[in-house]
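Now for the letters of each chain:
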Amino acid sequence: MDSGGRESVATAVRGVGRSGVWVAAGALAGGVVLGLTSGASRSPERGPVAGWLADRDGGAVVGLDRERLEVRRIALDTPVELALGPAGDLWVACAGAAGPVGPHRLLLVEDESGRIERELALGPVLDLEAVEGGSGDVLAVELGSTGPRQVVRVSPTGAVTLVERSEDAFCAAAAFGCTLVGSERGELRLFGPDGQRLARRDFGGVLSDLAPGPEPGTWWALDAAGGAGGTRLALLGRDLAPRWVVPAGLAALTLAPVRGAERVWLCDGEGALVRRFGPGGSLELAHIGLAHVGATRASVGNDGSVWIAAPGALLCLDGAGGGVPGQGGFGYLVDVECVR
């Protein structure tokens, strides 16, 4: 793919960031959306948060309980990316007045009070992911203001460690003591705990998302521009060689893995459907229709439910793909993270 084509895919995949296309969106007024959106607005009691939503245009990060009722609302300017640490650490990347191509703030937020415990200045954030393994760290892929892109690891203390500096880093994931970086040129690069590069593989396409796999040393990979074959989903082994690769059959941009299982959900960012793939790349649920188009982010809860962020509403499914009440009335949802 030439550089112009790659840049157009990069923009479509992330809107210069995976936070969605930066256009004005009409907010839903709330109420029921084809049976998938709850009319309730706020729980009378503050209970535990089961999932967090980034409402970019609403200027808030919103916590919902297991019934998808609002129990927290933290006012933040333009939240665009979320990551949750193992102890419930809530990390939020916020864009500034310059929008998706301007400086961002990375915030560590105390979920009960909404107090900002840590704040760091970053370039435009392409990806933000929690590091699996109990450290509470996050990975951020950021655009440099004038130079290369950077993949950095940030700890709750504010310490920043450079993982990689390159021209094409696009997404990253970290687990099992290692960090995997995916590039918009389709290259996979694996780094060890002390920063040494352990493996490199040309996967092809545009790697739009990565995630730790179901077994130690395995990784999920999503190619959002897989050439003539379309979007590709893969499970990678320890050496980054694919255990299997299948066509996704929809315009997916991000992964929603089921923790500890060879199973992953994908949303169609251009339509109104989701699919679930299982062991060996088998298509377990081929077409689950949604009430809204434009959903690109999803997260799987401990109970197997799937929370899907559409622009104006949170849509929810049970583990078998059946519709369950969600929540509406948002400005423009761009990210969702279930508490695990």
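Let me begin by describing the structure that accompanies this report.

What counts and how
Residues numbered from 1 in each chain as written. Predicted model: local features only at pLDDT ≥ 70, side-chain atom pairs only at ≥ 80, totals over all residues. Heavy atoms only, no water. 1 Å grid on protein atoms, 1.4 Å probe; cavity = no way out; pocket = protein on both sides within 12 Å on 5 of 7 lines; lining within 4 Å. Points joined across faces, edges and corners; volume = space filled by probe spheres on them. Helix = DSSP H or I, 4+ residues; strand = E, 2+ residues; numbered from the N terminus. Nonpolar A, V, L, I, M, F, W, Y, C, P; charged D, E, K, R; others polar. Disulfide = S-S within 2.5 Å. Buried < 20%, exposed > 50% of the residue type's maximum accessible area, 1.4 Å probe, protein only. Pairing = 2+ DSSP bridges. Axes fitted to C-alpha atoms, helices over the stretch in contact; angles between N-to-C directions. Salt bridge = Lys/Arg side-chain N within 4 Å of Asp/Glu carboxyl O. Phe/Tyr/Trp six-rings, centres within 6.5 Å; stacked < 30°, edge-to-face > 60°. Lys NZ or Arg CZ within 6 Å of the ring centre and 35° of its normal.

To continue, consider the layout of surface pockets. Of the volumes computed, that of the largest pocket is approximately 820 Å³. The set of elements that each furnish at least two residues to the lining of the largest pocket consists of strand E5 (79-84), strand E9 (125-130), strand E13 (169-175), strand E17 (207-212), strand E21 (256-257), strand E25 (297-300) and strand E29 (333-338). Classifying every residue of the lining of the largest pocket gives 26 nonpolar, 8 polar and 11 charged.

The tally for this structure, following the rule as stated, stands at 0 disulfides. For Cys316, which is in no disulfide, the shortest distance to another cysteine sulfur is to Cys338 and amounts to 7.6 Å. Assessed through its relative accessible area of 1%, Cys316 is described here as buried.

Turning our eyes to something else, we now look at the sheet that holds E5. With antiparallel pairing, the 4 strands of this open sheet are ordered in space as E5-E6-E7-E8. The two strands at the open ends of the sheet, each matched to only one other strand, are E5 and strand E8 (116-122). Neighbouring strand axes in the sheet, compared pairwise and without regard to direction, differ in orientation by 25° on average. Both strand E6 (residues 90-96) and strand E7 (residues 99-109) contribute to a ladder of 7 bridges, which runs antiparallel. The partner of Cys94 across the bridge, within E7, is Arg105.

This part is about the pattern of salt bridges. The tally for this structure, following the rule as stated, stands at 19 salt bridges. Between Glu117 and Arg115 there is a salt bridge, with its nearest N and O atoms 3.4 Å apart. One network of salt bridges, in which partners are shared, links Glu164, Asp168, Arg185, Glu187, Arg189 and Arg200.

With that settled, consider the environment of Gly134. Here Gly134 is to be found in the loop between E9 and strand E10 (138-142). We classify Gly134 as exposed; its relative accessible area is 52%. With 49 residues separating them along the chain, Gly134 and Gly85 place their C-alpha atoms 7.4 Å apart.

Further remarks concern the pairing of strand E14 (residues 178-183). The buried count for E14 comes to 6 of 6 residues, which makes it a mostly enclosed element. With burial as the criterion, each face of E14 is covered, one bearing Cys178, Leu180 and Gly182 and the other bearing Thr179, Val181 and Ser183. Bridge count for E13 against E14 is 6 bridges, and the pairing is antiparallel. The residue of E14 that forms the bridge with Ala173 is Leu180. Where E14 folds back on strand E15 (residues 187-191), the antiparallel hairpin that results is connected by 3 residues, among which Gly186 adopts a positive phi of roughly 85°.

For the rest of this paragraph, the subject is the packing of aromatic side chains. Tallying each qualifying case throughout the model produces 2 aromatic pairs. Pairing Phe176 with Trp219 gives two aromatic rings, centres 5.6 Å apart and planes at 75°, and the pair type is edge-to-face. With Phe176 in the loop between E13 and E14 and Trp219 in strand E18 (residues 219-223), this pair connects stretches of sequence that are 43 residues apart. Using a relative accessible area of 1% as the deciding quantity, one classes Trp219 as buried. The cationic tip of Arg56 hangs over the ring face of Tyr332; the distance from NZ or CZ to the ring centre is 4.5 Å. Sitting above the plane of the Phe203 ring, Arg232 keeps its charged end 4.2 Å from the centroid.

Bringing unusual backbone geometry into the picture now. Not every positive phi belongs to a glycine, and Arg68 is a case in point at roughly 65°. Tracing the backbone shows Arg68 in the loop between strand E3 (60-64) and strand E4 (70-75). A relative accessible area of 8% means that Arg68 is categorised as buried. Positive phi, close to 50°, is recorded for Thr78, a residue that is not glycine.

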